[in-house]
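# Structure assessment
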There are 2 protein chains.
Amino acid sequence: MYFSVAASLLHPVRVVGVIGDDYPTHELERLSTRGIDWSGVERATGESFRWKGKYSYDLQSRETLETRLGVFADFKPKLPDGAHAARIVFLGNIDPVLQLGVLDQVKSPLFVACDTMNYWIQSKRDDLLKLLARVDMLMVNDSEARELSGDWNIHRAGRWILERGPKQVVIKQGEYGALLIEKGRTFHIPAYPLEEVFDPTGAGDAFAGGFMGYLARSNAVDTQHMRRAMVYGSTMGSYSVSGFGVRGFEGVTTEDVEQRVRQFVDLTNVPIAEPAP
Amino acid sequence: MYFSVAASLLHPVRVVGVIGDDYPTHELERLSTRGIDWSGVERATGESFRWKGKYSYDLQSRETLETRLGVFADFKPKLPDGAHAARIVFLGNIDPVLQLGVLDQVKSPLFVACDTMNYWIQSKRDDLLKLLARVDMLMVNDSEARELSGDWNIHRAGRWILERGPKQVVIKQGEYGALLIEKGRTFHIPAYPLEEVFDPTGAGDAFAGGFMGYLARSNAVDTQHMRRAMVYGSTMGSYSVSGFGVRGFEGVTTEDVEQRVRQFVDLTNVPIAEPAP
């Protein structure tokens, strides 16, 4: 949901997924005004996927208390008409076997990124490695990168992942921003400075939505576009944490997004030349 | 020591301080070949200042186990001839009363920065606040900024400190880099990506040495120079963690430093214009 709301500010989004009969569909209906196509979301009997966790006092780390797959357990994703031709594909965090199943249905994608989580790293490691061999990018948070690679050093962890297939890895670091790691080259984008952070839930998904939405709008995946995509990701993450649930996006327009994106230049750019004394 | 070694790669350094009779002076002598003037370092009877701590598994956080002032307890710093005219002054982490005493001896500094630590924040808070009212910059790590301000949000903590006097605050964040916070404007510099980190001790001091050494060399303290100083700080921090003690600096030349500084442009700079599709 965070992904779709963020991405839809930049480009039309088609969602494939499953919800249980307990899902608050009025939320979906309200959001579909934003140009999100929900026709690929099945409604199944049973409870929706649930993740329950506890955040640390500084909202920087979190502990998983419970992961309940619900209707995801028996989900067989099937792309609706038109989605087979998708060029920019994000395989959200579900069973890697299902992610592979979705990927098989896409005809000739330009760029495929995937997400995962500790649950699959532990229970479906082999399938996850098969998936990594077939995607262009893995986008995970730092604890997932560490758990997957078995290495606490984030740059070595990134290289370990690159050696499994992806050409790029994005490692999200919460309030510290995110890294884009390619072979022999690294780019860092900080988080937008915020004095009020209400809810870090979904910030990573909003980051992914901004990142992929920008690539879809640009229809280009070279390094320069990828770096600008990092800024759109960080920008969407900053809206996400500014309110509970997706409320941080209420009233946010594409022009607001572009304005915040421009602020990242002043936040990050090192003066290249020696300034005059 | 880390400060002096880092700064001396950019500009001559004069050190004022005190060591106990247990201090390994051969280390000092070896380093004085680098253009560090140690004539302001007194040798007193007793044990040198000691800090003992424990780092977390990822070297990101640390716990103070013991702080022993030793000869610092009775230290009355006195500037040697010539040092009274210093233009760029760094008041290292000692009792804020002594930091004020040093500051009183400097005639007309262009720029004064100070450091502090949890020990003084807890035991000499009032003196520390007096000092803040008289310096241009406080340079601390994130846990110190949080403890001093009583606020876990780092941007609010930075603003709290600015309201106490300094025109700038640098908040060091270990492997996540550092923030330069001014009124209404923030700049972030990441840490240099390193696959091998041996010893985080002294990285913050090396950062400070690179930052101040660059300002001294430039003899300018405007925002553009300050932002480049952040790059020199982060560069020196990266050498510091690459070996135990000051060994990370062995064989490092000023040209090595300049080359690493240039690499920060690729690591951080957001493409300003929309790239061609």
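Quick caveat: nothing in here was measured; it's all calculated off a predicted structure. (Residues numbered from 1 in each chain as written. Chains lettered and ligands numbered in written order. Predicted model: local features only at pLDDT ≥ 70, side-chain atom pairs only at ≥ 80, totals over all residues. Heavy atoms only, no water.)

### Section: the overall build of chain A
For chain A, the helix and strand inventory stands at 10 helices and 10 strands. Its C-alpha radius of gyration of 18 Å places chain A within 12% of the 19 Å reference for a compact globule of 277 residues. Taken over the C-alpha atoms alone, chain A extends approximately 70 × 40 × 40 Å along its principal axes. Intrachain contacts of chain A at a sequence separation of at least 6 include 61% that bridge at least 24 residues. Carbon and sulfur atoms make up 51% of the accessible area of chain A, which totals about 12000 Å². In chain A, 31 side chains carry a positive charge and 36 a negative one; their mean positions are 5 Å apart. (Helix = DSSP H or I, 4+ residues; strand = E, 2+ residues; numbered from the N terminus. Rg over C-alpha atoms; globule rule 2.2 N^0.38 Å. Contact = heavy atoms within 4.5 Å. Areas by Shrake-Rupley, 256 points an atom, 1.4 Å probe, with all protein chains shown as cover. Lys, Arg positive; Asp, Glu negative; His and termini not counted. Charge placed at Lys NZ, Arg CZ, Asp CG, Glu CD.)

### Notes on the relation of the copies chain B and chain A
The two chain copies are related to each other by a rotation about an axis together with a translation along it. When chain B is fitted to chain A, the best match, at an RMSD of 0.0 Å, comes from turning it 180° and sliding it 0.0 Å along the axis. The operation mapping one copy onto its partner corresponds to a two-fold rotation axis. Among all residues of chain B, the one whose C-alpha sits closest to the rotation axis is B:N269, at a distance of 2.3 Å. By residue overlap, the copies meet face to face through one surface: 100% of the interface positions of chain B are interface positions in chain A. (Least-squares fit on C-alpha atoms with pLDDT ≥ 70 in both.)

### So, the interface of chain B and chain A
Every contact between the two is made by 49 residues of chain B and, on the other side, 49 residues of chain A. Summed over both partners, the interface of chain B with chain A buries about 4300 Å², with 51% contributed by carbon and sulfur atoms. At the junction of chain B with chain A, the criterion picks out 10 salt bridges. A salt bridge links A:E196 to B:R156; its shortest N-O distance comes to 3.4 Å. In this assembly, chain B and chain A are joined by 22 residue pairs in polar contact (both at pLDDT 80 or more). Elements represented by at least two residues in the side of chain B that touches chain A include exactly α6 (142-149), α7 (154-162), β10 (185-189), α8 (203-218), α9 (223-240) and α10 (254-268) of chain B. Ranked by the residues each element gives to the side of chain B that touches chain A, the list is headed by α9(B), at six residues. (Buried area = accessible area lost by both parts, 1.4 Å probe. Salt bridge = Lys/Arg side-chain N within 4 Å of Asp/Glu carboxyl O. Polar contact = N/O pair within 3.5 Å; in protein donor to acceptor, adjacent residues only side chain to side chain.)

### With respect to the nonpolar core
Core analysis: the biggest nonpolar cluster contains 52 residues, and A:F111, A:M137, A:F211, A:M230, A:M236 and A:V257 have the highest contact counts within it. For this core, the element with the highest residue contribution is helix α8 (residues 203-218) of chain A, accounting for nine residues. Setting aside residues up to four positions removed in sequence, A:V257 forms contacts with A:L9, A:L10, A:Y232, A:T235, A:M236, A:Y239 and A:V252. By size, the runner-up hydrophobic cluster in this structure holds 50 residues, among which are B:L9, B:L10, B:V252 and B:F264. (Core = buried A, V, L, I, M, F, W, Y, C linked by side-chain atoms within 4.5 Å. Buried < 20%, exposed > 50% of the residue type's maximum accessible area, 1.4 Å probe, protein only.)

### Topic: the sheet that holds strand β9 (residues 178-182) of chain A
Residues and elements named next belong to chain A. Strand order in this open sheet of six strands is β5-β6-β7-β8-β9-β10, and the pairing throughout is mixed. Two strands bound the open sheet, and with one partner strand each, they are β5 (88-91) and β10 (185-189). On average, each strand axis in the sheet is inclined to that of its neighbour by 15°, with strand direction left out of account. Bridge count between strand β7 (residues 137-141) and strand β8 (residues 168-172): five bridges; the pairing is parallel. Bridge pairing links V140 to I171 in β8. (Pairing = 2+ DSSP bridges. Axes fitted to C-alpha atoms, helices over the stretch in contact; angles between N-to-C directions.)

### Topic: the side chain of B:D136
All names here are of chain B. Counting through the fold element by element, D136 comes out in the loop between α5 (125-132) and β7 (137-141). A residue is classified by how much of its surface remains accessible, and D136, at 14% relative accessible area, is buried. Within the structure, the side chain of D136 is placed 2.7 Å from the backbone nitrogen of V112, a separation counted as a polar contact. Among all residues touching D136, those that are not within four sequence positions of it are L110, F111, V112, P166, K167 and Q168.

### Some points on empty space enclosed by the protein
Residue and element names in this part refer to chain A. According to the stated counting rule, one finds one cavity of 30 Å³ or more in the structure shown. Taken as a whole, the largest cavity spans an internal volume of roughly 30 Å³. Lining the largest cavity, in full, are F49, L69, F72, N93, I94, M117 and W120. Of the residues contributing to the lining of the largest cavity, the split by class is six nonpolar, one polar and no charged. (1 Å grid on protein atoms, 1.4 Å probe; cavity = no way out; pocket = protein on both sides within 12 Å on 5 of 7 lines; lining within 4 Å. Points joined across faces, edges and corners; volume = space filled by probe spheres on them. Nonpolar A, V, L, I, M, F, W, Y, C, P; charged D, E, K, R; others polar.)

### Concerning the confidence of the model for chain A
Predicted coordinates in areas of low pLDDT are best not read in detail. Mean pLDDT over chain A works out to 90, with 95% of the residues at or above the 70 mark. ipTM for the predicted complex: 0.88, alongside a pTM of 0.91. (pLDDT = per-residue confidence, 0-100.)

### Re the pairing of strand β5 (residues 88-91) of chain B
On a regular strand, one side chain projects to one face of the sheet and the next to the other, so that they alternate. Residues and elements named next belong to chain B. Here four bridges tie β5 to strand β6 (residues 111-114), and the two strands are oriented parallel to one another. Residue pairing for β6: I88 is matched across the bridge by F111. Between the parallel pair β5 and β6, the chain is carried across by helix α3 (residues 96-105), and the sense of this crossover is right-handed. (Right-handed = clockwise from strand over helix to strand, strands pointing away.)

### Considering the sheet that holds β6(B)
Residues and elements named next belong to chain B. The strand order β5-β6-β7-β8-β9-β10 describes an open sheet built from six strands, whose pairing is mixed. Since the sheet does not close on itself, it has two edges, and those belong to β5 and β10, each with one partner. Averaged over all neighbouring strand pairs, the angle between strand axes comes to 15°, with direction disregarded. Strand contacts of α9: β6, β7, β8 (168-172), β9 (178-182) and β10, with the helix running at about 25° to β10, the strand carrying the most contacts.

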